[in-house]
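Single-letter residue listing:
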Amino acid sequence: MRTLSSIKELDFSKEDGLIPAIIQDARTGKVLMLGYMNEEALEKTLATQKVTFFSRSKNRLWTKGETSENYLRLVSISPDCDQDALLVKVNPEGPTCHTGTDTCWQEENKNDLQFLGYLTDVIKERRQLPTDESYVARLFSKGINKVAQKVGEEAVEVVIEAKDNDDKLFLDESADLLFHYMMLLEAKGFSLSDVVSILKERHK
C-alpha cells in the first residue's frame, strides 16, 4: 500500500476543496467512520498526529475527540489511485461515533485475528529497529537457533498445561507459543500469512 508522500499530489478539485477520508482501525481492520479533509485539515492531522476533519455543517476544522477526548491517533495515510480519497489508519481512543458506538455503522470494533497482522508488523519493526528495552530484539540478536529453541520450550509447556485443568495457564502458554512461533517465522523470512496460504491450498 502506497503511503502519502506529499499533500501536493492530492486532487482537492472534485469536491470543492475536500476529499473523503475513510477511517480504519489499524489493529482490527474495522472501518470506523467517513469524514472529509481539506488541505488545512490534512496538514493539522500530520502535525498533531490526531485526525482532524473539515466539518461541512460547522464550516470549520474539527479534531475528532476535541470535546469527548476520544481521539483518533494517526498511524498512516494512503491516497487512492486517483489521489482524490484517503485511507487513514488510526488507533482510536474510545468509541468513534458521536452516538457512543465503536463505529458509525454500530459495529463492535473487534477482530481478534486481525490483531495477529498488527503483531506481525510489530515483531518485524522491533527486529529491524532494535532497542535494548525490546525482548523481541534481544532474542533475535541471539540468532535463529535460540529463537527456534524458545519455540520448542514453549511447545513443551503447552503440552504440559494441556494435561492439567488450569485453563488460564494453558491459554497463557499457548499465547507464548504463538508469539515465539511468529518470531521464528520472521527470522526465516515468512509470516503467518504464508502458513495460511498453505492451509488454504490444502483445503481445496
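Rules behind the numbers
Going along each chain's sequence as written, the residues are numbered from 1 onward. Two thresholds apply to this predicted model, a pLDDT of at least 70 for residue-level local features and 80 or more for giving and counting side-chain atom pairs, whereas whole-chain, interface and lining totals are computed over all residues. In computing side-chain values, all of the structure's heavy atoms are included and hydrogens and water are not. UniProt positions are given in the numbering used here, feature names are shortened, and annotations may be inferred rather than shown by experiment. Counted as salt bridges are all cases of a side-chain nitrogen of Lys or Arg within 4 Å of a carboxyl oxygen of Asp or Glu. The buried label goes to any residue with under 20% of its type's maximum accessible area, the exposed label to any with over 50%, and the partly exposed label to all in between, with areas taken from a 1.4 Å probe on protein chains only. Going along the chain from the N terminus, every DSSP run of H or I of four or more residues is numbered as a helix, and every run of E of two or more is numbered as a strand. Angles shown run from 0 to 180 degrees and are taken between the N-to-C directions of axes, each axis being a line fitted to C-alpha atoms and, for helices, limited to the stretch in contact. An angle below 35 degrees is read as roughly parallel, one above 145 as roughly antiparallel, one from 65 to 115 as roughly perpendicular, and any other as oblique. In this scheme the handedness of a crossing depends on how the near helix is turned from the far one: anticlockwise by less than a right angle means left-handed, clockwise means right-handed. By definition in these notes, contact holds between two residues if any of their heavy atoms fall within 4.5 Å. Under this grouping Gly is polar, as are all residues other than the nonpolar Ala, Val, Leu, Ile, Met, Phe, Trp, Tyr, Cys and Pro and the charged Asp, Glu, Lys and Arg. Note on pairing: DSSP must find at least two bridges between two strands before they are called paired.

The name given to the protein chain in an unreviewed UniProt entry is Histidine biosynthesis bifunctional protein HisIE, with the source organism recorded as Roseivirga pacifica. According to the UniProt record, the Subcellular location (unreviewed entry) comment for the protein chain is "Cytoplasm".

Caption draft 1: Structural context of the pattern of salt bridges. Here the structure, examined in full by the defined rule, presents 10 salt bridges. Put simply, Arg 60 and Glu 66 hold a salt bridge, and the shortest N to O gap is 3.2 Å. Take Arg 60: its relative accessible area is 34%, and that puts it in the partly exposed class. Overall, the relative accessible area of 38% leaves Glu 66 in the partly exposed class. For Glu 186, the salt bridge is made with Arg 127, and the minimal N-O distance between the two is 3.3 Å. Of this pair, Glu 186 sits in helix α5 (residues 167-187) while Arg 127 is found in helix α2 (residues 114-128), placing the two residues 59 residues apart along the sequence. By relative accessible area, Glu 186 is classed as buried at 7%.

Caption draft 2: Looking closely at the packing of helix α4 (residues 144-162) against α5. Across the interface, α4 lies against α5 with an axial gap of 8 Å and an inter-helix angle of 160 degrees. Taken together, α4 and α5 sit at an angle that is classed as roughly antiparallel. The interaxial crossing formed by α4 with α5 has left-handed handedness. Across from Ile 144, Val 147, Ala 148, Lys 150, Val 151, Glu 154, Ala 155, Glu 157, Val 158, Glu 161 and Ala 162 in α4, the residues of α5 making contact are Leu 169, Phe 170, Glu 173, Ser 174, Asp 176, Leu 177, His 180, Tyr 181, Met 183, Leu 184 and Ala 187. When the residues that make up the contact of α4 with α5 are grouped by side-chain class, the tally is 14 nonpolar, 2 polar and 6 charged.

Caption draft 3: Seen up close, unusual backbone geometry. Of note in the backbone geometry, Glu 69 takes a positive phi value of approximately 70 degrees without being a glycine. Position of Glu 69 relative to the elements: it lies in the loop between β4 (60-63) and β5 (72-79). Of note, Gln 83 is a non-glycine position whose phi angle comes to about 60 degrees, a positive value. Turning to its location among the elements, Gln 83 is positioned in the loop between β5 and β6 (86-92).

Caption draft 4: Fine view of the pairing of β5. Burial analysis of β5 places 6 of its 8 residues in the buried class, which makes it a mostly covered element. Across 7 bridges, β5 lies against β6 in antiparallel orientation. The residue of β6 that forms the bridge with Leu 72 is Pro 92. Turn length for the β5-β6 hairpin, with the two strands adjacent in sequence and antiparallel, is 6 residues, and the turn residue Gln 83 shows positive phi of about 60 degrees.

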